[in-house]
Structures are given as structure tokens and as C-alpha cells.
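Close look at the chain arrangement
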Amino acid sequence: MSVALLLTVGGLTATGMYLVTSRSLSRIILGFSLLGHAAVVALVTAGGPAGEAPIAGRDGALTNPVPQALALTAIVISFGLTLFLLALAGRQQQLSGDDLVEDDLEDQRIARVRPDDDPAEVET
Amino acid sequence: MMWLLLGAHGLGIGLAAAAGGRSLRAGLAVAAIAPAATAGWAAAALLRDRPPEPTSLVWVDGLDLSIRFQADGLALLMTLLVSGIGALVFLYGTGYFNPGPGARFPASLLAFSASMLGLVWADSVWTLFIFWEFTSITSFLLVGHKHEDPTVRAAARRALMITGAGGLVLLAGLLVLTSEIGSSTLTDLAPVSGPTATLAAILILVGAATKSAQVPFHVWLPGAMAAPTPVSAYLHSATMVKAGVLLVAVAGPAFVDVAAWKVLGLSFGITSLLWGAIGALRHRDAKLVLAWGTVSQLGLMITLLALGEPKATFAGVSMLFAHALFKAALFLVVGEIDVRTGTRDIAALGGLSRTMPVAFGVAVAAGLSMAGAPPLLGFMTKEAAIEAALKLSGPDRAIALGAIIAGSVLTVAYTTRFLFGAFGRGPATAVAPRRLAMTVPAVILAGAGVLGFVAVATVNGIVGPAAAELDPEAGTFLLIQWPGLKTAFVISMAILASGAALGTALSRHDHPARPAPATLGADAVDRSIDGLLSISPRITALVQHGSLPVYLATLATAAVLAATPFATELTLDHLVWWDNPLQGGLALGIVVAAFAGAFVSSRLGAALTLGAVGLGVSGLFVVHGAPDLALTQLLVETVVVVGFVLGLGHLTRRFPPVNGTWRGVRIAVAGASGLGAMIALAAASAQPTGRAPLAELTSQSVEEGGGDNIVNVILTDMRALDTLGEVVVLATVAIGILSLARVRRQEAATRGPA
């Protein structure tokens, strides 16, 4: 296995993870994209070493086509998700003027409930 | 047949609720049918000496997930008690409750009855556990019957918390035990030993002790006397509290080699035997006297069963049978006294032997059976217990014999005090008219104690096979009517004489003005439950704080921790620096671009670095021999970058500044995640499980798919349905984006030119 690919996966995961834990929605989308790249590269790496493109009739050692087919699906799905997130971020920006992710209101409300309260009456 | 009977209970619950909606008494009468039928079935199976076939309902084969029932000798004995006493208690209830509607009570009581049957029939520890929990829950509903009263609610809550916590401990014990034995079937329990077996023994014993109200877990039982008396007679004397004893009996053979089982079992048993009896002497409420007496008698049974000697096991099982009969009868009498006089205080009562002669007869017959006086069933079982203790050797003999004698003296004393207090001297308390439905079941139960002595052969036919189930040798013993002038008999008589003297003396000191003693520890339990209730929201607030980045970081940390065990499988010999130098160069470029993207503060810059990463990854695919991936990636990346620039065009050009400390945490988590991913990936490819079926794939894609590009054929032919799903996802995304964009445009239009 190639250390270069391994480091690529590690680097993409680390930067992606750093970005998704940020407060800014556009950075989160960026991080999400990087994590998607990491997953795809990992999938292809796990399939075996580099080689000739898996096309029938070619000479030499062909690469494993199965992870490639899976990776192709992964690329397309993460593409769809990224675009949808972008549209959502655009909407959020339009409504609130920024793209910051706030704390979950429902969770904050639950955190304020005390044993004797009627949970429905605690204000957010 | 067992399924049919349980089904009849289920049907009965519905019918009882329907009938109870009009009249509680009618609901109870309807509910009595299923237990009566079950008791008849069990009696027939016992008398014909033909146990029913085991039966099971498999849910997941191979995962050991099934409900298995088997009614062996012990289970049939318990069935007889659960359903027989159940039917009588339902009958009794029709007299105990005043006329009026009440759907919940008969339905819950019958649901309890059904759960108890499932518990005693269970042949798999998981089946046993499920029904064990069902009995805890139905018991909570029944104890809390008069839920308008806060003390009743507190008592019900206490009972649920203690038995519920015990249930969890039991579950842990069962998990340890089954993983040690490798089977969850109760009838296959093989002796185990070693530290894990000791752990299982302790956990299971604690679980059993909570259910059977053993000191120090007994505090829920006196409180549970807040329940209506039929519930106390049924749950808290004859059935539910016996579940722990039953568990000790059934699991005992697995732990014969575990010292902790015997030591802890004896400690629970003997402490409860003595402390329970002392409690019974301290209280004046007749129901509490009986409840504490139950703690004591259950302690005696657990003592006998924990000894693990055949004769003691036999005595324990026969005690289980006799106790259910006399204690249920006594509870029924106390309920009748309560209903007809309006009090249960034995210091305030008196002279009931004249005004309630039938109840007096029942109380004497059942009470003497409890005290162990001849000619009653209780006498024979007490003899068996003393005989068993005499047969022991070493320190066991002194401990067991001493405990049994001391406990029995106290038992005789509280029985005497109860009988004198309620029925003895003093002006007769005024009583309401007799209700036949309350008298008949009590007479039957007390009569069974007398009949059990006369027809001892029948009792031996029931108890013998049950004991043989636990220990083949235990089945060889018999209950004997007249043992002759042997040591055990002499001890018995001495116990009766000294106990009666003690009881009479204490009875003189009873005075209605003296305050009733509190149950030690009940307050502490209530306080700790309250504490739990106030701590749990704080824990929720701490864990469920609402910050999405922190949730994500927590998840990532957990994932990294889950990946760390892979590090042990990591080998380095399959690693090469790169497949070819170009790959190395591209990898470097990608990582540099990704890091730049993570730390750059300009939005446009970030979008561009994302494009650079995408291009680099495409390049990697080209080098790797994956032209399809490379092409797709290139297209996708272009669209994403364009989308980024267009979509976020209205935002400030720079990202807002980041909090310093949190940033450090994020970097640490991110670094760990990257490392974890690398370790997991390297470890996974260190052990390839097989080679790619290249030859098959090639021939299939050419001959069947009609294409040379294998990846394409996989996507459009072999996994065509997946690809269709993918298209649907993209179409959905497109619709979503379009509608979001339209909202924006419409809003802009309504706002008009500003």
C-alpha cells in the first residue's frame, strides 16, 4: 500500500474534520467536501495498488474495478449533498444575514427543564 | 397448551378491562377465569405425573433469540400457586372492593398473573428476564392503585426503583453467566467456577434479593402494603416475592462450586430471617406484621436453598409451597378485618374471635401453620428444615441450626402476638356484616394447610418432583406427619413453647397510643430517588448541550477510540512510499491545498483551494488507473466550485474570527481523526481477505454486459438498480435546490424594488 495515498487520506480527514467542527456553514460544507474526498480515496486505496485502467483487452495488471464503481457512486452522492448544503447555506444567509450555525434550541430548552416542571411550559 | 393459556390471559385482560369499566367486581370475576383454568391444567399435569412438552417461539435462529417455555416439576408447583391463589384472590376481590367501576385494577392484576406464569415457565434466561421485568412493572401499577395518595405513590415508586435496579443487576449477572456457560437454556445450566462465575453469582443473588425483599433491599416491601390487600396477598406473599427464591433455586445448581454464592446467599437469608422477624414484632399494623414476616420467611427459604444440600433444598421447596398457602390466607383474613372493622392495628383490635368466628378459625389454622405447629403443613416443612440443618456438618450446621431456631422462635412469637392482638382479650371490636366472597377463599387456603397434613402423600407428589428438578437426591425425601420423638421434634416443641411465651409477653405491651416505628432505610431510598431525579436533568444538560460542533467532535473522538484497537494489527511490511513518483507529488499537493483551505481566512480562497484539492484527487485517479473516476471528479469539482462562488457571493469576504481554546480542541480532534483513519486503513489493507475476481468480471462484462469498460458495466448493468437510486437522489437534490432558489426569488419580488 502506498504511503502517499495513506497520507492523503489522513490529511483530508484531518482538515475535513477541523472544518466541519467550525461555526461557519460555508466552512462546514468545505470540510464536508474534503471528508468526501478522503472517503473516496480511501475506498480506492483499499482496493489495491495502482495499475492499468480496468478495461477488457488491455495488457498488464489491471486495477480492481469494484471499489472504483463504489467510489463513483460516492462521488456523485457527495456532490449532490454538497450542492444541497450550498443551497441551504444560501437560504440561511438570506434569512439571518450570516452563515453561522447556532446551538440547537430544543436541546437548550431540554437542558433547562427541572424535575418539577411541565416540559411543555419551559420557554426557549 | 402454555401458549393457549397465556393467550387466554391476554384475552382475559381485555375482557376484564371491558367488564371492569362497568363494575370492578364483575371485572375481577371475569379475570378469575383464565387463572382458574391454568390452575386446573397444572393440577391435572401434576396428578397424572405427565409434565407438558417444552415449547418455544424462535425469533432469530442462530442468535439465541427465542421465547422458550418448559413446565417442569418446580414450574408446575409455582403455576399451581400463581394461578390457584390467583383465582382465589380474584374471587376475594369481588367481596373486598366496594361496588363501583374500575377497569384498571382487574386488568393489571391479570396482567401480573400472566407475567408471573411466563416467569415460572421460562426455560431461557432471557425469557425469564423479560417476564421478571413485566412483574416489576405490573406490581408498580398494582401497588400504586390508590394513586391519589402521595405516600402510596412514594411506596410504588420505591418498589419499582428497587426491583427495577435489581432487574438490571440480574441482567448483568445473566449476561456474565450465559457467556461463561455458552448457553441461555435454564435446564442446561452446568456448574461454573472461577472469578467470572463469582461475579455472576453475586450479581444474580443481588437481583434475586431485591425481588424477594431480602435485607437490605427489603425496604420496599413494607411500603408496598399500601396496595389493596388482595394485591398484598397475591404479589407480596404467594407469587412475586417468590420469584427471587425461585431464581436462587434454579440457578443454584450452576453455582455449587462458587463459595461466594453460598456465603452471600446465607448472609442475605439469615439476616432477613432474623431482621424480618424482629420487624414483625415491632409493628402493630397487622398487614405490616405479615409483610415483615414474609421478609423473614423468604430469608429462611433462601438460607435453605443457598446451603446447596439435598435435604435443605427439599425443605426450601416445601417451605415455598406451605408459605404461599398460609401467608395468603392470613393476608386475606387481615383484609377482611380491615374491611369489616376499619382498622388493622392489633393494639386497637380485640375479641374478634367472638364476632368473626370463621375468620378466627382461618387465622388460627394458617397462623399455626406459619408457626410450625402440628397437625398442619407448616409443621412438616419446619421439621424438614430443622432435620436438614441437623444433617449438616461443620460450621454450616451451627450457623444454619442457630438461625433457624432463633428465626422460628421469633416467628412463633409474632404469630402469637398477632392472634392474641386481633382475636384475643378485650372488648369485641364492632364489625360490619360478613361478605361471603371474602370468607370462602380464605377458608379454602387455610383448609389446604390442614388438608396438606392429612393428605401428605399428595403434597409429597407435588413437592418431590419439584425438588428433584433442582437436585435429583432432593427428590428422594418426604414430608412426614409424625416423625417420632426425635431431636428435630423436641427442638420444634421447644421453639413453639418459648415463642408462644415471648409472643404473649410482648402482646401485653401493645398499646394503641405508642407511635408506629418507621422502616429503617426507607427514607434514605426515597432521598436517593429524589437525588437521582434532580441529577439526571443536569446530566442531560451537560451531555445534550445543543452545540452542534461539540456533538460532532464527540462523535469523531468516539470513532477514533473505536479505531485504536486496529493499531495492534498494524504491520508495516506491505507499505511502499508510492506506487509511482507522480502519485507522491499529487498527494503532497492535495494535502498542502487542504491545509491551506482549512486555515485561509478568505472565502474565495477557501473555494479555490477546494477546487485545487478536487483537481489533485482527479489526478490521483488518473495515475491510479481509474479514468472514469477522474473524469467524474473533474466535472463535479468544477460545478461545486462554481456553486460555492455563486452561492456564497453575498457573504462577507472573510470568515468570522474563531475562538482560541475551542480551536485547539478542534485541531486535536481533527489530528486524531486523521491518524485514526490512516491506522484503520493501513491495518485493513495489511490483511487482504481475497483477490479481486478480475477474470470473472472481465468475461462477464464483455459477454453479458456487452462493454469493455468494466467499471461502466458494473454501474449500468450489474448494479443498475443502485445507479437508478443515485439518479433519483440527484433529481431530488435538484428539485430541492430549485425550490430554495424560487423562494428567494419570490421574496425578492414581493418586497419589490427597494
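Residues numbered from 1 in each chain as written. Chains lettered and ligands numbered in written order. Predicted model: local features only at pLDDT ≥ 70, side-chain atom pairs only at ≥ 80, totals over all residues. Heavy atoms only, no water.

**Here's the deal with the overall build of chain A**
Which entries qualify depends on this criterion: Going along the chain from the N terminus, every DSSP run of H or I of four or more residues is numbered as a helix, and every run of E of two or more is numbered as a strand. Throughout, radius of gyration means the C-alpha value; the globule benchmark is 2.2 Å times the number of residues raised to the power 0.38. We get accessible surface area from the Shrake-Rupley algorithm with a probe of 1.4 Å; when it comes to residues, only the shown protein chains can shield them. This count recognises Lys and Arg as positive and Asp and Glu as negative, with His and chain-terminal groups excluded. For this purpose, a charge sits on NZ of Lys, CZ of Arg, CG of Asp or CD of Glu.
When you go through chain A residue by residue, the secondary structure sums to four helices and zero strands. Its C-alpha atoms give chain A a radius of gyration of 22 Å, more than 25% over the compact-globule value 14 Å for 124 residues. With the principal axes as the frame, chain A shows a C-alpha extent of 75 × 35 × 25 Å. By element, 60% of the accessible surface of chain A is carried by carbon and sulfur atoms, the whole surface being about 4900 Å². Between the centroid of the 7 positive side chains of chain A and the centroid of its 14 negative side chains there is a distance of 6 Å.

**Quick look at the layout of surface pockets**
All names here are of chain B. How we decide: Here a cavity denotes grid points, spaced 1 Å and computed from the protein atoms alone, that fit a 1.4 Å probe unable to get out, and a pocket denotes an open set having protein on both sides within 12 Å along at least 5 of 7 lines; residues with an atom within 4 Å of a point are the lining. Grid points are joined across faces, edges and corners, and a volume is the space filled by probe spheres set on the points. When residues are sorted by character, Ala, Val, Leu, Ile, Met, Phe, Trp, Tyr, Cys and Pro go into the nonpolar class, Asp, Glu, Lys and Arg into the charged class, and all the rest, Gly among them, into the polar class.
The space that makes up the second largest pocket amounts to roughly 510 Å³. L80, F321, L325, A448 and I462 are, among the 21 residues lining the second largest pocket, the residues nearest its centre. Going through the elements one at a time, α3 (33-47), α4 (73-96), α14 (310-341), α19 (436-454) and α20 (456-470) are the ones with two or more residues in the lining of the second largest pocket. Of the residues that constitute the lining of the second largest pocket, the class distribution is 17 nonpolar, four polar and no charged.

**Description of the pairing of strand β1 (residues 55-60) of chain B**
Residue and element names in this part refer to chain B. Basically, it comes down to this: The rule for pairing is simple: two strands pair if DSSP sees at least two bridges between them.
With five bridges joining them, β1 and strand β2 (residues 65-69) adopt antiparallel strand pairing. From the neighbouring strand, V60 faces β2, where its bridge partner is L65. Between the antiparallel neighbours β1 and β2 lie four residues, among them G62 with a positive phi of about 90°.

**Topic: the side chain of T135 of chain B**
Which entries qualify depends on this criterion: Note on contacts: a residue pair is in contact if any heavy atoms of the two residues lie within 4.5 Å.
Within the element layout of this structure, T135 of chain B appears in helix α6 (residues 125-143). When neighbours within four sequence positions are excluded, T135 of chain B is seen to be in contact with F112, S115, M116, L119, K211 and M240 of chain B.

**Structural notes on the pattern of salt bridges**
All names here are of chain B. Cut-off, in case you're wondering: Just to be clear on terms, a salt bridge is a Lys or Arg side-chain nitrogen sitting within 4 Å of an Asp or Glu carboxyl oxygen. Per-residue accessibility, obtained with a 1.4 Å probe over protein chains only, is compared with the maximum for each type, and a residue is labelled buried under 20%, exposed over 50%, and partly exposed between these values.
Enumeration according to the criterion identifies nine salt bridges over all chains in this entry. A salt bridge links D526 to R158, with the shortest nitrogen-to-oxygen separation between them at 2.9 Å. One end of the pair, D526, is in helix α22 (residues 522-543); the other, R158, is in helix α7 (residues 150-181), with 368 residues separating them in the sequence. In this structure, D526 and R158 share a single accessibility class: buried. Of the charged contacts, one joins K262 and D396 as a salt bridge, the two residues approaching to 2.5 Å between their closest N and O atoms. Residue K262 is found in helix α12 (residues 259-282), and its partner D396 is found in helix α18 (residues 395-423); the two are separated by 134 residues along the sequence. Residues joined by salt bridges that share partners form a network here, namely D285, D338 and R344.

**Quick look at the nonpolar core**
Stated formally: Take the buried Ala, Val, Leu, Ile, Met, Phe, Trp, Tyr and Cys residues and link them wherever side-chain atoms come within 4.5 Å; each set so joined is a nonpolar core.
Grouped together as the largest cluster of nonpolar side chains are 190 residues, with contacts concentrated most on L109, W121 and F255 of chain B. Ranked by residues supplied to this core, first place goes to α14 of chain B with 19 residues. With residues up to four places along the chain from it excluded, the contact list for L109 of chain B reads L28, V89, F90, L142, V231, Y234 and L235 of chain B. Counting 58 residues, the second largest nonpolar core, distinct from the first, contains M17 and L30 of chain A together with A606 and A682 of chain B.

**Remarks on the confidence of the model for chain B**
To keep things clear, this is the line we draw: Every residue carries a pLDDT, the predictor's confidence in it, which falls somewhere between 0 and 100.
For chain B, per-residue confidence averages 89 on the pLDDT scale, and 98% of positions sit at 70 or higher. For this predicted complex, the interface confidence score (ipTM) comes to 0.89, while the overall pTM stands at 0.76.

**Comments concerning the interface of chain B and chain A**
Stated precisely, the cut-off is as follows: For any pair of parts, buried area is found by adding up, for both, the accessible area (1.4 Å probe) each one loses once the two are put together. Pairing of N or O atoms within 3.5 Å defines a polar contact, subject to two protein rules: one partner must be a possible hydrogen donor and the other a possible acceptor, and residues neighboring in sequence count only if both atoms are side-chain atoms.
Contact residues are listed per partner, giving 99 residues for chain B and 87 residues for chain A. Taken over both partners, the interface formed by chain B and chain A buries close to 7900 Å², and the fraction arising from carbon and sulfur atoms is 74%. Looking only at chain B, the three residues that lose the most surface to chain A are H624, R666 and L681 of chain B, adding up to 8% of its buried area. The tally of links between chain B and chain A comes to 21 residue pairs in polar contact (both at pLDDT 80 or more). The leading source of residues in the side of chain B that touches chain A is helix α27 (residues 660-686) of chain B, at 13 residues. Split by residue class, the side of chain B that touches chain A holds 61 nonpolar, 26 polar and 12 charged.

**A closer look at the packing of α14 of chain B against α20 of chain B**
Residues and elements named next belong to chain B. The following threshold applies: Between N-to-C directions, angles cover 0 to 180 degrees, with each direction set by a line fitted to C-alpha atoms, over the stretch in contact for helices. Orientation is classified from the angle alone, with under 35 degrees giving roughly parallel, over 145 giving roughly antiparallel, 65 to 115 giving roughly perpendicular, and any other angle giving oblique. Take the far helix as your reference; a near helix turned counterclockwise from it by less than a right angle gives a left-handed crossing, and one turned clockwise gives a right-handed crossing.
As a packed pair, α14 and α20 sit with axes 9 Å apart at the nearest point and diverge in direction by 130°. Here α20 runs oblique to α14, going by the angle between their axes. For the crossing formed where α14 meets α20, the hand is right-handed. Residues T313, F314, V317, S318 and F321 of α14 touch α20, and the partners they reach there are V459, N460, I462, V463, A466, A467 and L470.

**Let's talk about empty space enclosed by the protein**
A complete count under the given rule lists eight cavities of 30 Å³ or more for this structure. Of the pockets and cavities examined, the largest cavity occupies roughly 120 Å³. Along the walls of the largest cavity sit 13 residues, with S33, H37 and S78 of chain A together with Q633 and E637 of chain B positioned nearest its centre. Elements with a minimum of two residues in the lining of the largest cavity: α2 (25-46) and α3 (65-96) of chain A together with α26 (627-647) of chain B. When residues of the lining of the largest cavity are assigned to their parent elements, the largest contribution, five residues, is made by α2 of chain A. Class assignment of the residues belonging to the lining of the largest cavity gives a composition of six nonpolar, six polar and one charged. What the second largest cavity holds in volume is close to 50 Å³.

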